[in-house]
Amino acid sequence: MQRTVDRAFEEVESILFVLSARERIGAGDRFIAERVFSLGAPVVIALNKVDRLKPGHIAGQMQTAAQLGDFTALHPVSAKTGDGIDELREELVGLLPEGPQYYPDEQRTDLPLELRLGELIREKALQLTRDEVPHAISVEIDELGDRVVRATLFVETESQKQILVGRGGSMVKEIGTRARPELELILGHQVFLELQVKTRPKWRRDETMLERLGI
């Protein structure tokens, strides 16, 4: 996965560096900062999760973030409430050069349909499990029919699988319950969503699987 990130860095026009205002900016953030600031592309820092924080705390975090490197702009934002997001978007768009139109105006994304559906399912799984299964979930669409969608959620350990399945299958059922309406919105009709959970140790180091998942 890191090699995929490295290859992506080769073609960037600008970089959005996201930090949490609620967490101490420490060694890990400085490690990433050293990498992104060395690329030569403009870096925009977004200090996220500023909602419900005192102005003094936000100011202190902004000061610490400003010391990470020669940034182009620093925006305090809240993805939850939307505060500061419009200004951040305008900043990023302004850094991008004009290019060819790769797909029609009415098309919202160039991502394959299966990948979009898989990411929706993964989103619901992460929302429900939060820090218990950090970044170890991937989703592959096994079947995309007229009325049926079947997908597999992959994790790296048996303990993660037990969390994702839940007692009596309650967790994976809830993931499906939350994901199905959004899948139907994209597909334009009702579907039966069937999910299964499998363990695949160290899948994040398997280049073949990462390529199949579009990562």
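A brief structural summary. Since this is a predicted model, take the numbers as computed values, not measurements.

**Concerning a nonpolar patch on the surface**
Logical step 1: A contiguous nonpolar patch, built from L113, L144 and I186 and spanning about 180 Å² of accessible area, is present on the exposed surface.
Logical step 2: Summarising the element assignment, I186 is placed in helix 7 (residues 170-187).

**As for the sheet that holds strand 3 (residues 73-76)**
Hydrogen bonding along the main chain pairs the strands of a sheet, whether they run parallel or antiparallel.
Logical step 1: Taken in spatial order, the 3 strands of this open sheet run 1-2-3, and their pairing is parallel. With partners counted over all chains shown, the strands left at the sheet margins are strand 1 (15-20) and strand 3, one partner each. Across the sheet, the axes of successive neighbouring strands diverge by a mean angle of 20 degrees, strand direction being ignored.
Logical step 2: Set on the sheet, helix 2 (residues 27-37) makes contact with strand 1 and strand 2 (43-48); between it and strand 1 the angle comes to about 170 degrees.
Logical step 3: Lying over the sheet, helix 3 (residues 55-66) contacts strand 1, strand 2 and strand 3, oriented at roughly 155 degrees with respect to strand 3.

**Here we look at the layout of surface pockets**
Logical step 1: Its boundaries defined by the atoms lining it, the second largest pocket holds a volume of some 340 Å³.
Logical step 2: In terms of lining residues, the second largest pocket is bounded by R22, E23, N48, K49, D51, S78, A79, K80 and R130.
Logical step 3: By residue class, the composition of the lining of the second largest pocket is 1 nonpolar, 2 polar and 6 charged.

**Some thoughts on the pattern of salt bridges**
Logical step 1: According to the stated counting rule, one finds 8 salt bridges in the structure shown.
Logical step 2: With its nearest N and O atoms 2.7 Å apart, the salt bridge here joins E143 to R150.
Logical step 3: Among the charged side chains, a network of salt bridges with common partners joins E123, K124 and E182.

**Quick look at the environment of S14**
Logical step 1: Structurally, S14 is set in the loop between helix 1 (2-9) and strand 1.
Logical step 2: In this structure the C-alpha to C-alpha distance between S14 and E119, which are 105 residues apart in sequence, comes to 24 Å.
Logical step 3: Residues contacting S14, with those up to four places away along its chain left out, are A41, P42, L95 and L96.

**Comments concerning unusual backbone geometry**
Logical step 1: Positive phi, normally seen in glycine, also occurs at K49, with a value near 70 degrees.
Logical step 2: Given the relative accessible area of 37%, K49 is considered partly exposed.
Logical step 3: Positive phi is not limited to glycine here, since R52 has a value of about 65 degrees.
Logical step 4: Tracing the chain through its elements places R52 in the loop between strand 2 and helix 3.

**Some details on the nonpolar core**
Logical step 1: I121, L153, L164, L183 and L195 are the most contacted members of the largest nonpolar core, which has 23 residues in total.
Logical step 2: At the level of elements, helix 5 (113-129), strand 4 (138-144), strand 5 (148-155), helix 7 and strand 6 (192-199) are the ones that each hand at least two residues to this core.
Logical step 3: Here this core takes 5 residues from helix 7, the largest share from any one element.
Logical step 4: Residues within four places of I121 in sequence aside, it is in contact with V139, I141, A151, L153, I175, A179, L183, L193 and L195.
Logical step 5: A33, V43, I45 and L74 belong to the second largest nonpolar core, which has 17 residues in total.

**Regarding the packing of helix 6 (residues 158-165) against helix 7**
If you want to describe how two helices pack, look at the angle between their axes and the distance between the axes.
Logical step 1: The interhelical angle for the contact between helix 6 and helix 7, taken along N-to-C directions, is 60 degrees, at an axis separation of 4 Å. Considering the angle they form, helix 6 stands oblique to helix 7. Mapping the contact onto sequence places I163, L164 and V165 in helix 6 and S170, M171, V172 and I175 in helix 7.
Logical step 2: By residue class, the composition of the contact of helix 6 with helix 7 is 6 nonpolar, 1 polar and no charged.

Conventions adopted
- One numbering rule holds for all chains: residues counted from 1, following each sequence as written.
- Restriction of local features to residues with pLDDT of at least 70 applies here, the model being predicted, together with a cutoff of 80 or more for giving and counting side-chain atom pairs; totals for whole chains, interfaces and linings are based on all residues.
- With hydrogens and water set aside, each side-chain value is computed from the structure's full complement of heavy atoms.
- Each patch is built from salt-bridge-free residues with over 30% relative accessible area, joining like charges within 9 Å and nonpolar side chains (Val, Leu, Ile, Met, Phe, Trp, Tyr) within 5 Å.
- Residue exposure ignores everything except the shown protein chains as possible cover, and the areas themselves are Shrake-Rupley values with a 1.4 Å probe.
- By definition here, a salt bridge exists when the distance from a side-chain nitrogen of Lys or Arg to a carboxyl oxygen of Asp or Glu is within 4 Å.
- Secondary structure counts use DSSP, requiring at least four H or I residues in a row for a helix and at least two E residues in a row for a strand, with both numbered from the N terminus.
- By the convention used here, strands pair only if DSSP detects at least 2 bridges between them.
- Axis geometry follows a simple rule: fit a line to the C-alpha atoms, using only the stretch in contact for helices, then measure angles between N-to-C directions, giving values from 0 to 180 degrees.
- Throughout, a residue-residue contact means that at least one pair of heavy atoms, one from each residue, lies within 4.5 Å.
- Cavities and pockets were defined on a 1 Å grid built from protein atoms only: a cavity is a group of points that admits a 1.4 Å probe but offers it no way out, a pocket is an open group of points flanked by protein on both sides within 12 Å along at least five of seven lines, and a lining residue is one with an atom within 4 Å of any such point.
- Grid points are joined across faces, edges and corners, and a volume is the space filled by probe spheres set on the points.
- Any residue that is not Ala, Val, Leu, Ile, Met, Phe, Trp, Tyr, Cys, Pro, Asp, Glu, Lys or Arg is counted as polar, Gly included; the first ten are nonpolar and the last four charged.
- Think of it in three bands: with a 1.4 Å probe and only protein chains considered, a residue is buried below 20% of the maximum accessible area for its type, exposed above 50%, and partly exposed in between.
- Only buried residues count toward a nonpolar core. Its members are Ala, Val, Leu, Ile, Met, Phe, Trp, Tyr and Cys residues joined through side-chain atoms within 4.5 Å.
- If an angle is under 35 degrees, it is roughly parallel; if it is over 145, roughly antiparallel; if it lies from 65 to 115, roughly perpendicular; otherwise it is oblique.

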